[in-house]
Amino acid sequence: QVVVDATDNFETRFALNAACVSAGVPLVSGAAIRMEGQVAVFRPGGPCYRCLYREEGELLESCERNGVLAPIVGVIGSMQALEAVKILMGVGEDLAGRLLLFDGYSAEWRTLKLRRDPECPVCGTSSEWRVASG
């Protein structure tokens, strides 16, 4: 099982993340704005989406305000599909614990390591979701 997040708002992303943490299901996350995009895989026991984005509510930047170049969405969506297939087939090394950033201006990729936040309200050691899911 795997969940692919192709939504466009933080409220839904946070809800999907919490459900995946609770159910112990990997989450493949992707986002795009202007000429930039990002992809990450959040696996049970590792950092979750909420470790990366702690704030609730929408950020000032949105596709509605700032736009997004359609091919960027295609690039990010293709990477999400690749990550989901790798997880389902059990092949290759997925992006768990890493954030892959794409810069459409330079056509360059950058990878950042993600760390689990012990104070995370979803996957942290004292979170309600973690206690409920065991």
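For the structure, see preceding data.
Note that the structure is a prediction, hence the values are computed from the model and not measured.

S.K.: Can you lay out the overall build of the chain for me, pointing to particular residues and giving the numbers?
M.R.: Within the chain one finds five helices and five strands. In sequence order, the chain lays out its α and β elements as β-α-β-β-α-α-α-β-β-α. Classification of the 134 residues of the chain by burial places 38% in the buried group. For the chain, contacts bridging at least 24 residues in sequence account for 62% of all contacts bridging at least 6.

S.K.: So what about the pairing of strand E3 (residues 36-42)? Which residues, and what values?
M.R.: Within a regular strand, the side chains alternate between the two sheet faces. Across the seven residues of E3, six count as buried, placing the element largely inside the fold. Where strand E2 (residues 27-33) meets E3, seven bridges bridge the pair, whose relative direction is antiparallel. When the sheet's bridge partners are listed, Leu27 is paired in E3 with Phe42. Alignment of E3 against strand E4 (residues 98-103), held across five bridges, turns out to be antiparallel. Along E4, the bridge assignment pairs Gln38 with Leu101.

S.K.: Lay out the environment of Ile87 in plain terms, naming residues and giving numbers.
M.R.: Locating Ile87 in the fold gives a position in helix H4 (residues 70-89). As for Ile87 and Gln1, which are separated by 86 residues in sequence, their C-alpha atoms are 8.2 Å apart. In this structure Ile87 touches Gln1, Val2, Pro26, Val28, Val41, Arg43 and Asp94, once residues within four positions along its chain are discounted.

S.K.: Any details on the side chain of Arg13? Residues and values, ideally.
M.R.: Inspection of the secondary structure assignment puts Arg13 in helix H1 (residues 10-23). Although Arg13 lies buried, it forms no salt bridge, and the closest oppositely charged side chain, Asp5, sits 4.0 Å away as judged by the N-O distance. For Arg13, the contacting residues outside a window of four places in its chain are Asp5, Thr7, Asp8, Gly30, Ala31 and Tyr49.

S.K.: Can you break down the environment of Tyr49 residue by residue, with the values?
M.R.: Its place among the elements puts Tyr49 in helix H2 (residues 49-52). Judged by its relative accessible area of 2%, Tyr49 falls in the buried class. A C-alpha to C-alpha distance of 9.0 Å links Tyr49 and Val122, two positions 73 residues apart in sequence.

S.K.: Tell me about the packing of aromatic side chains, and name the residues and values.
M.R.: Enumeration according to the criterion identifies seven aromatic pairs in this entry. Look at Phe10 and Tyr49: their rings are 6.4 Å apart centre to centre, the planes differ by 40°, and that puts the pair in the tilted class. Of this pair, Phe10 sits in helix H1 while Tyr49 is found in helix H2, placing the two residues 39 residues apart along the sequence. Ring pairs connect the aromatic residues Phe10, Phe14, Phe42, Tyr49 and Tyr53, which therefore count as one cluster. Geometry around Phe14 places Arg50 over its ring, the cationic atom sitting 4.3 Å from the centre.

S.K.: Talk me through the environment of Pro47; I want residue IDs and the actual numbers.
M.R.: Mapping Pro47 onto the fold places it in the loop between E3 and H2. As for Pro47 and Val21, which are separated by 26 residues in sequence, their C-alpha atoms are 9.9 Å apart. Aside from chain neighbours lying at most four places away, what touches Pro47 is Phe42, Gly97, Leu114, Arg115 and Arg116.

Conventions and cut-offs
Numbering of residues begins from 1 in every chain and follows the order in which that chain's sequence is written. In keeping with the model being predicted, local features are shown solely for residues with a pLDDT of at least 70 and side-chain atom pairs are shown and tallied solely at 80 or more, while totals for entire chains, interfaces and linings include all residues. Only hydrogens and water are removed before side-chain values are computed, so all heavy atoms of the structure are retained for them. A helix here means a DSSP run of H or I that spans at least four residues, while a strand means a run of E at least two residues long, and both kinds are numbered starting from the N terminus. Think of it in three bands: with a 1.4 Å probe and only protein chains considered, a residue is buried below 20% of the maximum accessible area for its type, exposed above 50%, and partly exposed in between. Should any heavy atoms of two residues lie within 4.5 Å, those residues are considered in contact. When DSSP finds two or more bridges between two strands, those strands count as paired. For this count, His and the chain ends are skipped, Lys and Arg are scored as positive, and Asp and Glu as negative. What counts as a salt bridge is simple: a side-chain nitrogen of Lys or Arg found within 4 Å of a carboxyl oxygen of Asp or Glu. Centres within 6.5 Å make a pair out of two Phe, Tyr or Trp rings, where for Trp the six-membered ring is used; the pair is then stacked when the planes are under 30 degrees apart, edge-to-face when over 60, and tilted otherwise. A positively charged side chain is recorded as over a ring if its NZ (Lys) or CZ (Arg) lies within 6 Å of the ring centre. The angle to the ring normal must also be within 35 degrees.

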